[in-house]
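Each chain, written out:
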Amino acid sequence: MAIPTENVGSLPRPARLQQMIAAYDAGRVGFEELAAEQDAACKDSIERMEATGAPIVSDGEQRASSFATYPITDTLAGTGLADNLAADGQYFAIFDDGHHRQLPRLTGGPFRYKTFASDYLAKSLPYASKPMKQAVIAPSMLSLLYPLDEELDGYPREQFLNDLCDEAERDIRQAFATGAARVSIDFTEGRLAAKNDPRNPWTGRHMLEQFVELNNRVIDRFSAAERVNLGVHTCPGGDMDSVHSADVDYAELLPSMFKMNAGYFLMQLASEQDKERVYRLVGEHSRDDANGVPQVCFIGVIDPLNPTVESPDQVAEDLVTAARYIPTDRLGATDDCGFSPFSIDNKPKHGSPDFARDVAFRKIAARVQGTDIASERLGL
Ligand SMILES: [Zn+2]
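Residues numbered from 1 in each chain as written. Predicted model: local features only at pLDDT ≥ 70, side-chain atom pairs only at ≥ 80, totals over all residues.

In the nomenclature of an unreviewed UniProt entry, the protein corresponds to 5-methyltetrahydropteroyltriglutamate--homocystei ne methyltransferase from the organism uncultured Propionibacteriaceae bacterium.

The next thing to look at is the overall build of the protein. Helix and strand counts for the protein stand at 12 helices and 10 strands. A compact globule built from 380 residues should have a C-alpha radius of gyration of about 21 Å, and the protein, at 19 Å, falls within 12% of that. Along the first, second and third principal axes, the C-alpha set of the protein runs to 60 × 40 × 40 Å. In the protein, which comprises 380 residues, the share counted as buried stands at 49%. (Helix = DSSP H or I, 4+ residues; strand = E, 2+ residues; numbered from the N terminus. Rg over C-alpha atoms; globule rule 2.2 N^0.38 Å. Buried ≥ 20, exposed ≤ 12 C-beta atoms within 10 Å, placed from the backbone.)

Okay, the environment of Glu 61 next. Looking at the element boundaries, Glu 61 is found in the loop between α2 (31-51) and β1 (85-86). For Glu 61, a count of 29 C-beta atoms within 10 Å gives the class buried. In this structure, the C-alpha to C-alpha distance between Glu 61 and Arg 221, residues 160 residues apart in sequence, is 26 Å. Discounting chain neighbours no more than four positions away, the residues touching Glu 61 are Gly 9, Ser 10, Phe 67, Ala 135 and Gly 338. (Contact = placed C-beta atoms within 7 Å.)

One face of the sheet, then the other: side chains in a regular strand alternate in exactly this way. Of all 7 residues in strand β9 (residues 296-302), 7 are buried; the element is thus mostly enclosed. Across 4 bridges, strand β8 (residues 264-267) lies against β9 in parallel orientation. Residue pairing in the sheet places Leu 266 in a bridge with Phe 298 of β9. The β-α-β motif built from β8, the intervening helix α10 (residues 275-285) and the parallel element β9 has right-handed crossover chirality. Examined bridge by bridge, β9 and strand β10 (residues 331-335) share 5 bridges and lie parallel to one another. (Pairing = 2+ DSSP bridges. Right-handed = clockwise from strand over helix to strand, strands pointing away.)

Quick look at the sheet that holds strand β6 (residues 182-186) now. Adjacent strands of a sheet form backbone hydrogen bonds with each other and so pair up, either parallel or antiparallel. As summarised here, the arrangement of the 6 strands in space is β5-β6-β7-β8-β9-β10, forming an open sheet in which the pairing is parallel. Because the sheet does not close on itself, it has two edges, and the strands there are β5 (133-137) and β10. Adjacent strand axes in the sheet meet at a mean angle of 30° when their direction is disregarded. Taken together, the 5 bridges between β5 and β6 define a ladder with parallel strand orientation. (Axes fitted to C-alpha atoms, helices over the stretch in contact; angles between N-to-C directions.)

It is worth spelling out unusual backbone geometry at this point. Along the chain, Gly 109 connects to Pro 110 via a cis peptide bond; the corresponding omega equals -5°. Residue His 206 is not a glycine yet carries a positive backbone phi of 50°. Structurally, His 206 can be placed in the loop between α6 (189-192) and α7 (208-219).

For any two helices packed against each other, the geometry comes down to the angle between their axes and how far apart the axes lie. α2 packs onto helix α1 (residues 15-25) with a crossing angle of 160° between their chain directions and a minimal axis gap of 10 Å. By the angle between their axes, α1 is roughly antiparallel relative to α2. Handedness of the crossing formed by α1 with α2: left-handed. Every residue of α2 that contacts α1 at Arg 16, Leu 17, Met 20, Ile 21 and Tyr 24 is listed here: Phe 31, Glu 33, Leu 34, Glu 37, Gln 38 and Ala 41. (Parallel < 35°, antiparallel > 145°, perpendicular 65-115°, else oblique. Left-handed = near helix turned anticlockwise from the far one by under 90°.)

Quick look at the pairing of β6 now. β6 sits mainly inside the fold: 5 of its 5 residues count as buried. On β6, burial covers both faces: Arg 182, Ser 184 and Asp 186 on one face and Val 183 and Ile 185 on the other are all buried. Strand direction decides the pairing type here: β6 and strand β7 (residues 230-234), joined by 4 bridges, are parallel. Paired with Ser 184 across the bridge in β7 is Gly 231.

In structure tokens, the structure reads:
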């Protein structure tokens, strides 16, 4: 069987859309005008992704405030924040270029999503002629909404985590029910959990194991047949063309990460210093039986933070090398990350988000072509 290939989810929002979001935040335009711009960006994203030859596509998350905050706020500036949340939560991440992203803070219970990924998917599906995937956020990320040390009055942490798992399960089930062929769970906080950055307290609390357990509380609610199409994405971050945890050794993440009983993993690898070493680690720690499903390892062959477009040959070479360490029936190809996980992202290394979109589609085409070449070279 040929090597499967799948993107992570996001694309840069066109400059026009980013300007419209700012106008909406400032009260200069209404939601209908914003929604029309989002619809146009989703349609364009799907059509152009389909034109790359990709077998499965996404809408580029053009309606989402970010990969992490779509369930709880309409825009990154906090317009349309869900109930029981305040804007001033802890840092999710401090990136290598010095910028940071902050989460909202839970002020009380109950915790409820106001938007589900399926709400966006339902609007985008009519634009697609190929199968669509949908990314969702991991419960482990949203667990950081709860204060790190205090207990909230009348809403104990355990009750919050129960509510969170119910919402995360519903997010995934509804995405499948709406028509997603595949659902991947964004887990960028996994690698960051081993960072121990003194400026960002939660990264020094050894939370990786509890993140994995929490995510498994949700993943294990799905049958083996469902989990074949339920994935997990790991990366060192990808925002404003910068990363937050590339300095954390994969050896610290992988043994824990593969304990999650997901059927596939989308893993940053193109931008890794020593790829071959990580391929070996992936081969060693991934499981051919995770409670009834083999863990298919999609290795990153495209770097969305670098404007230089990879050649199909380079992509094929990476996959052929990886096949020395990962069985070919559990090998796939992906991008290192979404191309713009946050809605407001000027893609500084690219010069503009519109140019970064053009580059993204060329990169996706290179991934698709290179994956075909690799399948041929490996006789699959
Ligand atoms: Zn990512």
